[in-house]
Amino acid sequence: MPTTPTAPETGPEPTATRPASTPSGDVPPMSPPGAASLAGAVPSAGAGAPAGAAADAGLPGVPAPAAELARVAASRADGALATAAPVRLDDVVPAPERVVPDPASDFTLSADAVLRVSPAGRDVAEQLAAWLRPATGFPLPVADAPEGGLPTLTLSPAALARSGEPDGTRLGDEGYRLDVTAGGVRITAATPAGLFHGAQTLRQLLPAPIESPTVVAARWAVPGGTIVDRPRFPYRSAMLDVARHFFAVEDVLRVVDHLARYKLNHLHLHLTDDQGWRIAVDSWPRLAEVGGATAVGGGQGGWYTHADYRRIVAYAARRHVTVVPEIDLPGHTNAALVAYPELAPGKIAPPPYTGTEVGFSYVDPADERTYDFVADVVGEVAALTPGPWLHLGGDEAFKVPADSYRTFVDRAQRLVAVTGKTVVGWHQLAPAEHVDGRVLQWWGTNGDDPETADAVRRGARLILSPGNRAYLDMKYAQDTPIGNDWAGLIDVRRAYEWDPATHVRGVPAEAVLGVEAPLWTESVTTIAEAEFMLFPRLPAVAELGWSPRETHDWPRFRSRLAGQGPRWTTAGITFHPSPEIPWPVTVPPQHRPTDRPGHDRTPLG
Ligand code: TNX
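A short tour of the structure in this document, coming up. In every chain, residue numbers begin from 1 and rise along the written sequence. Confidence filtering applies because this is a predicted model: local features only for residues at pLDDT of at least 70, side-chain atom pairs given and counted only at 80 or more, and all residues used for totals across whole chains, interfaces and linings. Excluding hydrogens and water, the side-chain figures rest on all heavy atoms present in the structure.

### What about the packing of helix H9 (residues 368-384) against helix H10 (residues 402-418)?
Taken N-terminus to C-terminus, the directions of H9 and H10 make an angle of 30 degrees; their axes are 9 Å apart at the nearest point. Relative to H10, the crossing made by H9 is right-handed. When H9 is examined against H10, the residues Glu368, Thr370, Tyr371, Val374, Ala375 and Val378 are found in contact with a partner set consisting of Phe408, Arg411, Ala412, Leu415 and Val416. Axes here mean lines fitted to C-alpha atoms, for a helix over just the part in contact, with angles spanning 0 to 180 degrees between N-to-C directions. Helix and strand assignments come from DSSP, with helices taken as H or I runs of at least 4 residues and strands as E runs of at least 2, each series counted from the N terminus. Two helices cross in a left-handed way if the nearer one is turned anticlockwise from the farther one by less than a right angle. They cross in a right-handed way if the turn is clockwise. Contact between two residues is taken to exist if any of their heavy atoms lie within 4.5 Å; hydrogens are not considered.

### A closer look at the packing of aromatic side chains
Pairing of aromatic rings covers Phe, Tyr and Trp, the last through its six-membered ring, and needs centres within 6.5 Å; plane angles under 30 degrees mean stacked, over 60 mean edge-to-face, and all others mean tilted. Counting across every chain of the model gives 22 aromatic pairs. Relative to Phe373, the ring of Trp277 lies with its centre 6.0 Å away and its plane at 55 degrees, an arrangement referred to as tilted. Placement of Trp277 in strand E13 (residues 276-277) and of Phe373 in helix H9 is noted, with a sequence separation of 96 residues between them. By relative accessible area, which is 1% here, Trp277 ends up buried. Residue exposure (1.4 Å probe, protein chains only): buried if accessible area is under 20% of the type maximum, exposed if over 50%, otherwise partly exposed. Phe373 sits in the buried class, given a relative accessible area of 0%. One aromatic cluster is present, built from ring pairs that chain together Tyr262, Phe535, Trp568, Phe575 and Trp583.

### Things to note about the nonpolar core
Side chains that are nonpolar tend, in soluble globular proteins, to be buried together. Leu269, Trp277, Tyr304 and Phe373 are the most contacted members of the largest nonpolar core, which has 117 residues in total. Ignoring any residue separated from it by four or fewer positions in sequence, one finds Phe373 in contact with Trp277, Trp284, Leu287, Leu329, Ala336, Leu343 and Val363. Joining through side-chain atoms within 4.5 Å is the link that ties buried Ala, Val, Leu, Ile, Met, Phe, Trp, Tyr and Cys residues into a set, and such a set is a nonpolar core.

### Here we look at unusual backbone geometry
In this structure, Pro94 follows Val93 across a cis peptide bond, with omega equal to -5 degrees. Its location among the elements puts Pro94 in the loop between helix H1 (64-82) and strand E1 (98-101). Here the amide bond leading from Leu329 into Pro330 is cis, since omega sits at -10 degrees, within 30 degrees of zero. For Leu140, which is not glycine, the phi torsion reads 45 degrees and is therefore positive. Positionally, Leu140 belongs in the loop between helix H2 (122-136) and strand E4 (142-144). A residue is classified by how much of its surface remains accessible, and Leu140, at 0% relative accessible area, is buried.

Structure representation (structure tokens):
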């Protein structure tokens, strides 16, 4: 099938077609050490990094390329600390709705600071303290409100809001207000989720060395003024494909932290595909035990026990991220057919599959046993999942005739509905009947699909993941060492310069639930490689989901994004040093911009 080259920024959307076949096991190698990468030393403690986050820091048994990425980063981390520039109130990513700087009222965090918080915000305050303690070395005790006279970081849910501050209705489920004065920082929100987003903003307002896992001597200044902020779309998400390559629980937790930083509130886990079945199902145990053994290119398989999955869900929930499990049906099911040949059309087990072709496998839509399987699987997964969503996949079932596909999907959607969950599916599900609340996920590339528009008219809502904009498995450029290119090359500007509200013809803004950046992992084998594809594009998609359209501005975005680079380096997060972004250059320590007062920010390249 044809692939389409990248379109110019301002040109019409091209139609790219997902290739039906890629040579089996054809996984591009990682770059030679440091070639197109900038990575960080993986933090050893604190800073929200889960235990085991050091998996890529050159430990025995870790694939060399990932370890190299981390080593290169380690050697650059010191330089980044030296460049720590004062932050401006409007440097935040994603851009807040309203920013009113007051340079006369900067706050400096000192060793005797206390976080005071009302009961509903205690857990957020504990998380904020845990982010700030490693680098500052300050004790930062969390105490009950009301506040005292010391310099404080006050977290005040709406119940404690002073008169004149916005009420909870205006801030909504996820909004917050942040006031920085010389006397302290106050975050006000109607909900713990709002407080959490406000705390992430405060984290970004401290100088980049705040990300250090060890104590740094710095002036911990926070720029003065007020931010009032809330999201544009309620659903902001990223997807991790744990089926093509398996990612350990610790890796997934690390990804959750990355999402939370940029105010994304959903993690879609692509749990099943031809190459691997990654979630235990008690009623069909061979799915994980047999179907979980494989991965692309003969890589190590794996699967999550119920306890593993619950751990991911709970970790995410604490960070106000909802897990959306996907069981991809009726196609992308080779691993399930290997485990249970009775589900296969000819009742014959196919060989295990470790290549990267798509569209060849499917569960038999004509056999009643298939619907027992679907009911059992979605029933167990729904019971394990506190969030409201269950993703049914539905993509690329090329071998299933249209009418059988439709019958299968109608029944599968109803089986999800009886679990009490709301159906999500790739936009191929569009022709099926409407079930209450159902959500389609657009991954097309030309923004024009009458079937999707019709499904929306019949009540569906849409999540936008255009393949040629939001697919983080696409290469940044021709020479990107890993990734796909069937939807074109996606540099940061391309990931940023589109509008979810107007992207698909015939779909009104009110039907758009939000955005998602999927990371497929045919060529992504380690967490360092995953981060290399996520950063810096994930914050671009996060901003499309969170920030009001009026703030959309590429020159400003790229300069705000540049300020995130030293944070990632310091935190040990691998990223692609995209040439479009004016990353700060290292300046000699004697010219440290941190030594300069106020907002007199030194241009850093
Ligand atoms: C298409 S998008 C797929 C996946 C591949 C991806 C690679 C979609 C719903 N299906 O099976 O991994 O392209 O970019």
